[in-house]
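Residue-level listing of the chains:
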Amino acid sequence: MFDRLQSVEDRYDKLNEMLSDPTVISDNNKLREYSKEQSDLTDTVLAYRQYKEAKEQYQEAREMLDDKLDADMREMVKEEVNELSREIEELEEKLRILLIPKDPNDDKNVIMEIRGAAGGDEAALFAGDLYRMYSRFAESQGWKTEVIEASTTGVGGYKEIIFMINGNGAYSKMKYENGAHRVQRVPETESGGRIHTSTATVACLPETEEVEIEIHDKDIRVDTFASSGPGGQSVNTTMSAVRLTHIPTGIVASIQDEKSQIKNKEKAMKLLRARVYDKFQREVQAEYDAVRKSAVGSGDRSERIRTYNFPQNRVTDHRIGLTIQKLDQILQGKLDEVVEALIMEEQSQKMETLNNGENF
């Protein structure tokens, strides 16, 4: 454990040197890469240095107890030893958490896709509820949302809605939403008062940059077509809608919400890149899960992760067995309690693996 911490500090010092190197400063990609790596290590290095200083002070205080001291001075030194001991324990726990491997996507923006699944119009209405819940949560975090594509229904819900959440650390909190969400409630159209069960699926993709995944022009088929649905006079009159197909994987991204074909192509490319990246990420994750199941479930789109029960005002996250009687508040975007519980569970599982046979 100490060897790992020391190697982190050594790497941090090396990065400081490289960030002063003119060849690095003149290379924007390297400068961005090294700056981010240094930023990611800062908290760990500062805590480790604080830990080493506390250990040194503790040792000096313990040695003072071996000297001939008067009663008052001995009592003061004992109190200092006790305080330093508590500080060291707290720093050890903090360092254990800081050493947990970080998801490299955690700081990224998010592209979210919500689709009504089983349940017809009621599923589409529920998809709308989930979109509003995530939008309000994003607002509470100081993040911004932008709708990329939406397909509405006559009853006011969404067959599908794709939107982006822009904000530092958005993916670190939203990534747990991957999967099937189930709702149990009496639909407004149900005259008999019977409870219906419907589902909507949520996909959470980290936004990717061109430097992270390379998609060649020769691997993309571009199709243009006339827009359909709401949009004014331009609908069905201009070939502004764009469909991009990534030939090697068969992944498709189609955008038609802008009147400009260029803007639609830009949005479609951003969505395509995220979907291709997500496919590769899930393939890697599937290999990992074959050895050890993830702490909070596989994240598979078909996995039922959460149930929203309206009659009992209850939300249950099935991955960690969490039940909260605050459905009304959660639908208003107050997701912190659920998200924090999922983060704590994941950290706990990762820490158990990290500390298996390794202790301070």
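As the structure is a prediction and not an experimental result, all values here were calculated from the model. (Residues numbered from 1 in each chain as written. Predicted model: local features only at pLDDT ≥ 70, side-chain atom pairs only at ≥ 80, totals over all residues. Heavy atoms only, no water.)

A. Main features of a negative patch on the surface. Together, E53, E56, E60, E63, D66, D67, E80 and E83 make up a region of like negative charge exposed at the surface. Of all elements in the fold, only α3 (28-64) and α4 (71-98) reach the threshold of two or more residues within the negative patch. With four residues, the single largest contributor to the negative patch is α3. Within the fold, E83 resides in helix α4. (Patch = residues over 30% accessible without salt bridge, like charges linked within 9 Å, V, L, I, M, F, W, Y side chains within 5 Å. Areas by Shrake-Rupley, 256 points an atom, 1.4 Å probe, with all protein chains shown as cover. Salt bridge = Lys/Arg side-chain N within 4 Å of Asp/Glu carboxyl O. Lys, Arg positive; Asp, Glu negative; His and termini not counted. Charge placed at Lys NZ, Arg CZ, Asp CG, Glu CD. Helix = DSSP H or I, 4+ residues; strand = E, 2+ residues; numbered from the N terminus.)

B. View of the nonpolar core. Of all hydrophobic cores here, the largest spans 34 residues; its most connected members are M112, I114, L130, Y134, I165, M174 and Y308. Among the elements of the structure, β1 (110-116), α5 (121-140), β3 (158-166), α6 (170-174), β5 (196-206), α8 (327-330) and α9 (336-354) are those that each provide at least two residues to this core. No other element matches α5, which puts eight residues into this core. Dropping the residues within four chain positions of it, I114 is found in contact with A127, L130, Y131, Y134, K159, E160, I161, F163, T201 and V202. In terms of nonpolar packing, the next biggest core, distinct from the first, is built from 18 residues, M164, L205, A274 and V276 among them. (Core = buried A, V, L, I, M, F, W, Y, C linked by side-chain atoms within 4.5 Å. Buried < 20%, exposed > 50% of the residue type's maximum accessible area, 1.4 Å probe, protein only. Contact = heavy atoms within 4.5 Å.)

C. Seen up close, the pairing of strand β8 (residues 251-255). Where burial is concerned, the two faces of β8 differ: the one with I251, A253 and I255 is buried and the one with V252 and S254 is not. With five bridges connecting them, strand β7 (residues 241-246) and β8 associate as antiparallel partners. Looking at the pairing, T245 lines up with V252 of β8. Connecting β7 to the antiparallel partner β8 that follows it, the hairpin turn spans four residues, and G250 within it adopts a positive phi of roughly 80°. (Pairing = 2+ DSSP bridges.)

D. Just the sheet that holds β7, in detail. With antiparallel pairing, three strands are arranged side by side in an open sheet as β6-β7-β8. With one partner strand each, in any of the chains shown, β6 (220-225) and β8 form the two edges of the open sheet. Strand-to-strand twist of the sheet, defined as the mean angle between neighbouring strand axes without regard to direction, takes the value 15°. (Axes fitted to C-alpha atoms, helices over the stretch in contact; angles between N-to-C directions.)

E. Structural detail: unusual backbone geometry. Phi at N313 is positive, roughly 50°, even though this residue is not glycine. Among the secondary structure elements, N313 is positioned in the loop between β9 (304-309) and β10 (314-317). Judged by its relative accessible area of 26%, N313 falls in the partly exposed class.

F. Layout of the packing of helix α1 (residues 2-18) against α3. Running from N to C, α1 and α3 cross one another at 130°; their axes reach a closest spacing of 9 Å. If you check the angle between α1 and α3, you find them oblique. When you trace α1 past α3, the crossing you get is left-handed. Listed contacts from α3 to F2, L5, Q6, V8, E9, R11, Y12, D13, L15, N16 and M18 of α1 are Y34, E37, Q38, L41, T42, T44, V45, Y48, R49, Y51 and K52. Its residues assigned to classes, the contact of α1 with α3 comprises eleven nonpolar, five polar and six charged. (Parallel < 35°, antiparallel > 145°, perpendicular 65-115°, else oblique. Left-handed = near helix turned anticlockwise from the far one by under 90°. Nonpolar A, V, L, I, M, F, W, Y, C, P; charged D, E, K, R; others polar.)

G. Examining the packing of aromatic side chains more closely. Under the defined criterion, the tally for this structure stands at four aromatic pairs. For the pair F126 and Y308, a centre-to-centre distance of 5.4 Å together with 65° between the ring planes defines the contact as edge-to-face. Residue F126 is located in helix α5, and its partner Y308 is located in strand β9; the two are separated by 182 residues in the primary sequence. The class for F126 is buried, based on a relative accessible area of 1%. Residue class for Y308 comes out buried when judged on its relative accessible area of 0%. An aromatic cluster of three or more residues is present, and its members are Y131, Y158 and F163. (Phe/Tyr/Trp six-rings, centres within 6.5 Å; stacked < 30°, edge-to-face > 60°.)

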